[in-house]
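Overview (structure and organization)
Here is what each chain is made of, one letter per residue.
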Amino acid sequence: MRSIYVGLALSAVALLGGNAHAQGTYKKNIPDSLAKDAKVNEATAAATASKRVPKGIIQAVELERENKKLIYSYELKVPGRGGVEEVNVDATTGKVVSAEHESPAAEKKEQAKDKAKAPVKKP
């Protein structure tokens, strides 16, 4: 039985181009209120984002409405490169709608903006 699991794991690594880590252990912000409107599931969108940045490791994903479009916004870290690659995948069509590099400074600025937008949790 163990050899079956090892075989499946190796197959997954081969299919993902060695990027198996990027497919499971990252921060996910997928609100149910938006997920019900998505036609493409998050795993499919993650595979699309990973294809766009083959050496990138997904750090986080957020499902959000941006310019009236429902998108999965991925942050991928490329080893040895500062900042992150941001890849936005349309949650209706599954196509990449934008991809850009965010410098460490731009990344910090966006995190601060997102933190300011987040609702305050009451103890």
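Cut-offs and rules
- Residues numbered from 1 in each chain as written.
- Predicted model: local features only at pLDDT ≥ 70, side-chain atom pairs only at ≥ 80, totals over all residues.
- Heavy atoms only, no water.
- Phe/Tyr/Trp six-rings, centres within 6.5 Å; stacked < 30°, edge-to-face > 60°.
- Buried < 20%, exposed > 50% of the residue type's maximum accessible area, 1.4 Å probe, protein only.
- Lys NZ or Arg CZ within 6 Å of the ring centre and 35° of its normal.
- Core = buried A, V, L, I, M, F, W, Y, C linked by side-chain atoms within 4.5 Å.
- Helix = DSSP H or I, 4+ residues; strand = E, 2+ residues; numbered from the N terminus.
- Salt bridge = Lys/Arg side-chain N within 4 Å of Asp/Glu carboxyl O.

Section: the packing of aromatic side chains
Per the stated rule, a full pass over the model turns up one aromatic pair. Where Tyr72 meets Tyr74, the ring centres are 6.3 Å apart and the plane angle is 35°; that geometry is what we call tilted. In this structure Tyr72 comes out as buried when scored by relative accessible area, which is 3%. The ring centre of Tyr26 lies 5.0 Å from the NZ or CZ of Lys28, which sits over that ring.

Observations regarding the nonpolar core
Formed by 19 residues in total, the largest nonpolar core has its most connected members in Tyr72, Tyr74, Leu76 and Val89. Of all the secondary-structure elements, those providing two or more residues to this core are helix H3 (42-52), strand S2 (57-66), strand S3 (69-77) and strand S4 (84-90). Among the elements that take part in this core, S3 stands out by supplying four residues, more than any other.

Some thoughts on the pattern of salt bridges
Within the structure shown, the criterion is met by five salt bridges. For Arg65, the salt bridge is made with Asp37, and the minimal N-O distance between the two is 3.0 Å. Residue Arg65 is located in strand S2, and its partner Asp37 is located in the loop between helix H2 (32-35) and H3; the two are separated by 28 residues in the primary sequence. Given the relative accessible area of 47%, Arg65 is considered partly exposed. Judged by its relative accessible area of 31%, Asp37 is partly exposed. Salt bridges here are not isolated pairs; linked through shared partners, they connect Lys36, Asp37 and Arg65.

So yeah, pure geometry; function would need other evidence.
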